[in-house]
Structures are given as C-alpha cells and as structure tokens.
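Topology and contacts: notes
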Amino acid sequence: APAIRLEDYQPPVYRIEKVHLTVKLDPAETEVVATLSVARQADVQAGTPLVLDGDELSLRELKLNGEVLPDDGYTVSPDKLEIHAPPSKPFDLKITTQINPEANTKLMGLYRSSGTYCTQCEAEGFRRITYFLDRPDVLAIYTTRVEAPKNDCPVLLANGNLMEKGDIDGTDRHYALWHDPHPKPAYLFALVAGNLAQVPDRFTTASDKKVDLNIYVEHGNEGLCSWAMDSLKRSMKWDEDVFGREYDLDVFNIVAVSDFNMGAMENKGLNIFNDKYVLADPETATDQDYANIEAVIAHEYFHNWTGNRITCRDWFQLCLKEGLTVFRDQEFTSDMRSRPVKRITDVRLLKTHQFPEDAGPLAHPVRPRVYHEINNFYTATVYEKGAEVVRMLKTVLGDEGFHKGLDLYFDRHDGEATTIEAFLTCFEDTTGTDLSQFALWYEQAGTPVVSVASAYDADRQTYSLSLSQEIPPVPGQRSSKPAVIPLRFGLLGPDGKDMHATSASGIKISGDVLLMEKSRHEITFSGISSQPVMSLLRAFSAPVRIDQKFATADLQFLAARDNDPFNRWQAVQSLAMQELVRLTGTLRHGKLGAPADGVVSVFGAVLNDQNLDPALKALALTLPSEADIAQEIGKNVDPDAILAARKQLRQAIARQFHGALRAAALEFAPRGDYSPDAETAGKRALSNRAAYYYAVSNTEDAAQFTWDRFSSADNMTDRLAGLMLLVHDHMPGETAALDLYLSRHEKSSLAMDKWFMVQATAPGDGTLATIKSLFSHPLYDATNPNRVRALLQSFATGNATQFARPDGAGFELVAESVLEIDKRNPQVASRLLTSFRSWRALDANRCALAESALMKISSCEDLSRDSRDIIDRTLQ
Ligand code: HT7
Ligand code: ZN
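What you are looking at is a predicted structure, and each value in this text was computed from that prediction instead of being measured. (Residues numbered from 1 in each chain as written. Chains lettered and ligands numbered in written order. Predicted model: local features only at pLDDT ≥ 70, side-chain atom pairs only at ≥ 80, totals over all residues.)

1. A short note on the overall build of the protein chain
- Regarding its fold elements, the protein chain presents 26 helices and 34 strands.
- What you see for the protein chain is a C-alpha radius of gyration of 28 Å, in line with the 29 Å of a compact globule of 876 residues.
- With the principal axes as the frame, the protein chain shows a C-alpha extent of 90 × 65 × 60 Å.
- Here the protein chain, with 876 residues, has 51% of them falling under the buried criterion.
- In the protein chain, the share of contacts with a sequence separation of at least 24, taken over all contacts with a separation of at least 6, comes to 70%. (Helix = DSSP H or I, 4+ residues; strand = E, 2+ residues; numbered from the N terminus. Rg over C-alpha atoms; globule rule 2.2 N^0.38 Å. Buried ≥ 20, exposed ≤ 12 C-beta atoms within 10 Å, placed from the backbone. Contact = placed C-beta atoms within 7 Å.)

Shown next as structure tokens:
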C-alpha cells in the first residue's frame with residue numbers, strides 16, 4: 001500500500017452537501033441507495049473527475065440528476081467509482097450498492113453482531129457501505145431511511161432525530177426516517193437495527209432542553225444499564241459545568257453490541273459500544289469495570305464537541321479529537337473520584353503502554369506525518385500522550401488562559417474540520433503566547449529524558465540545579481529539538497514542607513512550575529537555609545523520563561513526606577524499581593540475593609500509615625509490573641529473572657508484615673451492599689492488595705484465607721482477585737476455583753472473558769497447553785474480538801515469561817494466531833501483532849526466536865494491509 005503523507009494533503013475537489021440514504025436491510029443482500037448532493041469547489045476546473053472511495057462494494061445502479069449514467073461516463077471497481085466528467089453545476093448522484101452484512105467479519109462498515117445490524121465507520125468504514133468521499137473534511141447533512149422486517153428488527157436507529165416511522169404497505173417490513181441537522185463527516189455515520197431492549201431516561205440541559213436518553217441492549221440485559229445511564233447523565237452535566245458544552249439533539253442513543261473491534265464509537269447521536277463498556281452489575285463487573293464504563297461513556301459523549309461538532313481535517317489530526325477528549329474524560333474522572341488516584345492510574349498506563357511504544361519500532365509523533373494504514377494509529381501515543389500534551393498546555397497557560405483558548409476554539413471552529421495548528425492558534429490568540437516551540441510535542445516522537453544534577457551550598461545558602469533534556473533516537477528521527485517541558489516542583493525541607501527561595505535564576509518559573517525551553521538550564525535558588533530534597537515532576541507534569549540519582553534515604557524521605565501524593569507514590573515505586581532491577585541482575589548471575597530491608601520497610605511504613613487514603617495506599621503497595629521492570633532494564637531482558645525478582649520482593653514484604661497484611665485484608669473489605677463508588681472501591685482495592693501479599697506469606701492459613709476470599713466473595717472484584725491469586729500462584733484449589741467460576745458465570749460472556757484472561761496470564765510452563773486446549777472450549781469464539789483479546793492479547797501482553805518462553809513456543813502460538821485472525825479481522829490481528837514491539841530488548845536467544853516468528857508472519861503473501869504495516873515497521 002502506498003504511504004499517505006501529511007505534506008500531500010489537498011482539499012477535496014468536490015463537496016457533498018447532503019446525503020440521503022435508504023438502507024434496505026437483509027442478512028446477505030442489503031441494498032443501499034445513496035443520493036448525494038454534489039458540488040464542485042469554486043477553485044476547481046469544471047469537468048474534473050469525481051473519484052469516490054469504495055471497499056468491497058458492488059454497484060447495482062448509477063444515476064446522475066435522475067438519468068442512468070452511460071457506461072463510458074464512469075469506471076467502477078469494488079474500491080473506486082470515478083465519474084469522468086461531472087456537470088459543472090451542482091448535481092445529484094444516486095448510487096445503488098449491494099452489501100453482505102452477514103459476511104462482514106472485519107466488523108467495519110455494516111455488519112451483524114448476534115443478529116443485530118450495526119455499523120462502524122471510523123476511520124474508513126463508510127466506503128464499505130456506499131461509494132463516497134470518505135475523508136473527514138467532507139461534511140454533509142444526512143437523512144437516513146432504515147428498512148427491515150418488523151419481527152427481526154423492531155428497533156431501527158440512525159444518527160440525529162427521528163422524523164417518521166411506519167409500516168411498509170403490503171410487506172412484513174417497516175421503516176424509520178432519521179435526520180441529523182449537524183453536518184458531519186462520513187466516519188460519524190451510524191445505523192443500528194435489531195431486536196433490542198430499550199432502557200429510557202431523560203436529561204434536561206442547562207438551557208432547559210429535554211433530551212431523551214436511551215440505552216439499547218440485548219433482551220435480558222436491561223438490568224445491567226443503570227451505571228452506564230448514571231454515568232451518561234453525570235457526563236452531560238459536567239460538560240456543561242466545566243466546559244460550557246450543551247447537548248444539541250433531541251435524543252442521545254447508546255447501543256451495546258458484543259462484537260466490536262474497539263471500545264466504543266462516538267457516532268453523532270448514536271454511540272455504539274462494546275458491551276463491556278455498558279453492562280455492569282456487582283455479580284459480573286469489577287470496580288475497574290465500573291470505572292472504565294464511567295470513563296468510556298464520558299469519553300464518547302465528550303466527543304460530541306471535541307470530534308463531532310469540530311472534527312479533523314485529515315487523519316493525521318486524529319489527536320486533535322482523541323488527545324483532547326481523553327484529557328477531558330480524565331478530568332471528568334478526577335472530578336468524580338480522587339484526582340491523585342486518577343493521575344497515578346493514568347501515568348501507570350502511560351508508562352506501561354505509551355513509553356514502550358515511543359521507545360520501539362512503532363514510535364511515531366502524536367501527530368504522525370505518514371501512515372500506510374490509519375487503523376494502526378489509534379495508539380497510546382495519539383490518545384494518551386496526546387492527552388498529556390493538552391494537559392501540559394493547561395499547565396503552561398494556566399487554567400484561565402487554557403479555558404479562554406478552548407472557548408475560542410469551540411467558537412471559531414464549530415462545524416469545521418480542522419487542524420492542530422488551528423487549535424494552537426486559538427491559545428496563541430487569547431493568551432498572546434507563542435506556541436511554536438510547544439508545537440514540537442505534536443511533531444517529535446520519543447520520550448524526552450530530563451537529566452538532573454543538584455548541589456547545595458550551605459555557606460551561600462544556594463541550591464543549584466542542572467537540567468538537560470534529550471530525546472533518544474527514534475526510527476526516522478535521528479535528531480530532535482528541545483521541547484517546552486513544564487516541571488512542577490517543590491524543594492522539600494526537613495519538616496516535609498516546601499521551602500521558598502528568595503530568588504531563582506536560569507529558568508522561567510511560574511508558581512511551582514519550572515519551564516524548560518532549552519536543552520540545558522543551570523538554575524540557582526537563593527535563600528535556601530538547609531539542604532533540600534528536590535521533588536520534581538510533581539503530578540507528572542510532563543510525559544518525560546527523569547534521570548536523577550537519588551540517595552536511598554532521599555527516596556525514603558519523599559516516600560514518607562512529600563506533600564505531592566503523586567511523587568510520594570513515585571518515590572515508593574522508584575525504591576521498589578531500583579531494588580527489583582538489582583535483584584533481577586543478581587538472579588541472572590544464578591544467585592539469590594535478599595531484598596534490602598530498607599526497601600521492604602518502606603512498604604511496611606506505607607501499609608501502617610494511618611493517614612493515607614486506602615486507594616492511594618493500594619496503589620503505593622503495587623509493585624512495578626514485569627513490563628515496567630523490563631523497560632527499566634532496557635536491553636538483554638530475561639523475563640524469567642524479572643518474574644522471580646518480583647516474587648522475591650513480594651514474599652519478603654509478605655513475610656515481614658503478614659500480621660498487618662492479614663488485618664488490612666479483613667479490615668478494609670467493605671461490608672454491606674456493594675457500591676462501585678470510588679471510596680468503597682478504594683477500600684476493596686486495599687483489602688485485595690493486602691490479600692495479594694498475604695497469599696505468599698508462608699503462614700499456616702494463607703491458602704485457606706485466599707480460598708475463602710474467592711469462594712465467599714459476594715462481588716466480582718473480590719471473586720476475581722481471589723481467583724487470580726489461586727491460579728497465578730498455583731495454590732491449592734486452583735482447578736476447583738476455575739470450575740466453580742465457570743459454572744457460576746457460563747451465561748455471562750463478559751464474566752467468561754475474565755475466566756479466559758486469568759488462565760492466559762498465569763505464569764508457569766503449563767499455560768501454553770492450557771491456551772491450546774481452551775481454543776477448543778465450547779465457549780471460545782475466535783470471531784468475537786473480546787474473547788480473542790481475553791485469551792490471546794492478554795497472553796501476549798500480560799504473560800511475559802510464557803510469551804517470551806526460551807523455547808520460542810509462546811511467540812509461535814501468537815504468530816500462528818495472528819495469521820489465522822488476519823484472514824477474518826485484520827484490525828484485531830494487527831493489534832495482537834503489536835505485542836512483539838519490544839522484541840529487540842530481549843536477550844539474544846529470545847530475540848532470535850521472536851525474529852523468526854516475525855519473519856514467518858512477514859513471509860505470508862496475503863497479509864492484510866493492517867498487519868503488513870505493523871510487521872514491516874516491527875522488523876525494520
Ligand atoms: N473514535 C473511536 C475510535 C475508533 C474505533 C472504534 C471502534 C471500532 C473501530 C474504531 N476505529 C477507530 C473511539 C474513540 O476514540 O472514542
Ligand atoms: Zn475517542
């Protein structure tokens with residue numbers, strides 16, 4: 001496939017102003033009649049051909065201004081329709097295509113999920129429904145008539161407001177006519193038809209407009225929607241309160257489907273969701289699931305302004321809607337729950353998913369300059385780093401400047417398809433700040449490393465700080481320019497309070513933010529009466545790595561006393577990380593070192609800190625993941641040694657503090673009716689974190705205690721936590737627990753995804769055989785993306801020792817699966833394939849085995865464009 005480049009962007013030569021669609025649904029032979037009102041752009045020569053995109057389409061009829069177009073007036077293929085010489089005046093093009101929803105296994109365009117017709121058009125799925133200018137800068141007003149048998153499909157939905165509904169005389173069919181008054185790009189088109197249950201509600205906007213809210217689910221699931229509905233109403237209110245954004249249609253519909261390539265989709269007025277981000281009850285959903293539902297519902301809703309009202313000019317600008325919308329949903333969660341807990345959770349996610357992406361062969365700028373397949377750019381870099389960039393913009397400009405700029409953006413670009421440049425200009429215009437250097441965050445790939453050195457001069461009472469920044473080389477980017485890096489900081493005095501310098505030189509400082517703009521800064525703080533401890537990058541104010549040599553005592557001090565909760569957490573993590581890296585090294589040399597008392601005792605101090613919020617405590621007690629440790633080690637990685645080191649530290653903590661851990665596991669287990677609220681969930685998290693350690697405490701009742709946690713749990717959070725311990729630590733009752741879980745949850749596919757996931761992520765040589773036997777389990781379904789992700793994606797990304805087995809069998813299993821899935825669903829396959837992205841960091845033997853598995857994939861000739869793109873970049 002040819003490379004698509006940002007520099008080649010050309011505006012469309014024709015506009016499509018109105019679209020009238022009639023979709024006559026049929027499982028295998030759906031007819032789509034599209035009437036497009038087309039107009040030539042003023043600066044384009046009359047007679048310029050009109051070239052429409054298609055994908056696996058078959059044309060049935062073509063009329064121009066009501067007349068059948070002669071054969072020599074156009075050329076057509078499944079992926080293109082060219083009208084050779086269109087009229088110079090605006091004209092109507094009526095295109096009839098036939099498509100097969102039942103055979104659509106890619107889940108892009110119109111497909112069926114458990115009998116429900118649904119669509120997915122982002123990024124380029126609309127061209128699988130009809131020929132179109134399928135690009136985000138072509139905005140049209142859509143009217144959609146959906147026709148289907150009344151019995152099979154009592155519910156008929158499309159974007160916008162319902163205009164009309166009725167029977168089609170003389171048939172068993174009926175229709176619904178929907179009209180969306182807001183111009184939109186084709187990727188936001190949606191249609192749903194099926195036999196679904198409707199859960200209705202109402203929202204009144206700030207300007208007193210009544211909006212009908214509906215969640216549509218499979219019959220029987222009506223009782224699982226209340227959390228999603230509650231989250232939706234809170235999102236609508238919050239967007240009014242915090243961003244001044246009101247909803248703009250009479251109805252907002254959400255549909256949950258069980259076969260979906262990603263999380264959810266923000267189609268105008270008709271959001272379509274992976275059911276795992278809608279359905280919840282305490283029996284089947286964990287606290288994490290509840291939090292995810294709240295966040296994804298909010299995210300899709302917030303897209304109504306950041307994405308739909310204002311959309312992207314081209315797909316290079318994807319971060320314009322995604323980074324900004326992730327930032328908005330993160331802020332929503334921070335306001336609904338605990339801000340520090342949310343921040344820590346997000347930074348952990350960023351560090352485990354985005355940092356490795358940015359350090360490996362798939363690295364790309366937040367706004368890429370080139371792509372082969374846009375579906376491969378829905379990445380942690382575009383989403384999560386994109387959100388960090390928006391957050392930094394807020395830090396740099398201040399709350400007021402940020403909101404003024406954003407208000408101007410909403411005002412100036414409403415109804416447009418625009419760019420990152422236009423977005424940044426709004427902030428420049430309102431605040432008078434030159435953001436040209438800041439814009440580098442969108443253009444440069446790679447994670448900057450900020451190196452820190454400091455010295456205290458007691459005689460002069462000065463504290464000096466050297467800061468330098470550098471981005472390590474990234475594919476296609478050998479050199480880089482210094483970025484604007486806002487570093488929130490505090491100089492901690494011995495009492496744990498921030499010290500205040502009488503003056504500072506060498507850098508711009510505003511409030512508690514140091515603003516790096518150069519590659520080096522030599523900073524001097526004066527009037528510092530005693531040796532401070534530097535707490536840098538508070539609240540993780542920039543997506544950078546900090547290279548700072550800390551004395552263990554200073555980290556211990558920060559872990560105990562920093563008044564920034566994020567950096568307190570970070571200090572505990574850094575201490576654990578240092579120790580885990582050391583232990584890993586020792587183990588690799590065939591020795592068994594003991595974890596240092598100083599580190600173990602910090603965990604004890606955290607555990608016994610009476611003032612720490614339980615949710616924060618649970619996070620602080622969570623050891624860096626195997627993937628995090630591997631990343632820290634960086635090269636010649638041996639996942640077995642990492643796993644063993646982690647287990648050593650876990651056991652040392654467990655054995656030393658078993659009494660307090662047992663007590664915490666019991667004390668913090670919430671009693672009474674289940675509630676998913678953040679505070680109660682935080683207590684459960686702490687209780688389960690304590691149980692995680694206690695399970696390996698070597699005490700007499702550890703096994704029984706763990707079994708009880710599983711078997712007497714009255715909610716999924718505790719049950720799953722117990723199951724994970726039994727299975728991952730291969731404790732007595734492991735098999736019985738899996739069987740019990742299966743018989744209890746076999747009817748709930750979301751609960752069963754967890755059952756597959758737990759087994760796929762279990763360390764130990766037997767896991768591979770387990771996975772192979774699960775392929776033929778009656779509940780395994782290779783066509784359902786959630787199930788495939790539960791078994792294979794979780795194995796490849798969450799089971800480092802088995803995926804990277806020293807005999808290569810883990811890589812082989814994933815490689816073979818990629819090839820098989822790729823034939824059916826390229827998006828799911830290419831996503832799975834990205835799990836190889838850090839292969840070059842492995843030790844020589846594993847590296848060679850990974851390479852041969854990758855070569856096997858690469859040698860397959862009919863690989864999808866999606867997988868070909870990932871494999872080529874991974875091997876480059
Ligand atoms: N904007 C959406 C991204 C998306 C997607 C969703 C489902 C299936 C295929 C998809 N391709 C792209 C989701 C979001 O960011 O809100
Ligand atoms: Zn999004």
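Picking up after the structure, the text goes on.
2. What about the packing of helix α23 (residues 809–824) against helix α24 (residues 826–833)?
- Remark: α23 packs on α24, axes separated minimally by 8 Å, with the N-to-C direction vectors making an angle of 160°. Judged on the interaxial angle alone, α24 and α23 are roughly antiparallel. The handedness of the crossing between α23 and α24 comes out as left-handed. On α24, the residues that touch Val814, Ser817, Val818, Ile821 and Asp822 of α23 are Pro826, Val828, Ala829, Leu832 and Leu833.
- Grouping the amino acids of the contact of α23 with α24 by side-chain chemistry returns eight nonpolar, one polar and one charged. (Axes fitted to C-alpha atoms, helices over the stretch in contact; angles between N-to-C directions. Parallel < 35°, antiparallel > 145°, perpendicular 65-115°, else oblique. Left-handed = near helix turned anticlockwise from the far one by under 90°. Nonpolar A, V, L, I, M, F, W, Y, C, P; charged D, E, K, R; others polar.)

3. Some thoughts on the domain arrangement of the protein chain
- The domains assigned to the protein chain are domain 1 (4–194), domain 2 (311–443), domain 3 (450–547) and domain 4 (602–875).
- Taking the mean C-alpha position of each, domain 2 and domain 3 sit 24 Å from one another.
- If you list the elements that add at least two residues to the side of domain 2 that touches domain 3, you get α4 (339–359), α5 (380–413) and α7 (440–443).
- Taken together, the residues that form the side of domain 2 that touches domain 3 break down as nine nonpolar, two polar and three charged. (Domains from an automatic or database assignment.)

4. Digging into the UniProt feature "domain: Peptidase M1 membrane alanine aminopeptidase" (unreviewed entry) in the protein chain
- Per the UniProt entry, the sites bearing "domain: Peptidase M1 membrane alanine aminopeptidase" (unreviewed entry) are residues 227–438 in this numbering.
- Strand forms 9% of residues 227–438 and helix 56%; the C-alpha atoms that close the span are 39 Å apart. (UniProt positions renumbered as here; feature names shortened; annotations may be inferred.)

5. A word on the sheet that holds strand β34 (residues 545–548)
- Here we have five strands laid out as an open sheet, ordered β29-β32-β26-β25-β34, and mixed in their pairing. Strands with a single pairing partner mark the edges of an open sheet, and in this sheet they are β29 (503–505) and β34. Across the sheet, the mean angle from the axis of one strand to that of its neighbour is 20°, orientation sign disregarded.
- Judged from the nine bridges that link them, strand β25 (residues 449–457) and strand β26 (residues 462–470) form a sheet pairing that is antiparallel. Note that in β26 the partner of Val450 across the bridge is Gln469. (Pairing = 2+ DSSP bridges.)

6. Focus: the site of ligand 1
- Near ligand 1 lie 13 residues; those nearest to it are Gln120, Glu122, Asn261, Met262 and Met265.
- Elements supplying a minimum of two residues to the shell around ligand 1: β20 (264–265) and α2 (287–302). (Near = placed C-beta within 6 Å.)

7. Quick look at the pairing of strand β9 (residues 91–99)
- Pairing between strand β3 (residues 30–40) and β9: nine bridges, direction antiparallel. In the sheet register, Ser37 faces β9, and the bridge partner there is Asp92.
- Both strand β5 (residues 58–64) and β9 contribute to a ladder of six bridges, which runs antiparallel. Bridge pairing in β9 links Leu64 to Leu93.

8. What to know about the environment of Leu393
- With respect to the secondary-structure elements, Leu393 resides in helix α5.
- Residue class for Leu393 comes out buried when judged on the 25 C-beta atoms lying within 10 Å of it.
- Beyond its immediate chain neighbours, meaning those up to four positions away, Leu393 contacts Phe402, Phe427 and Phe438.

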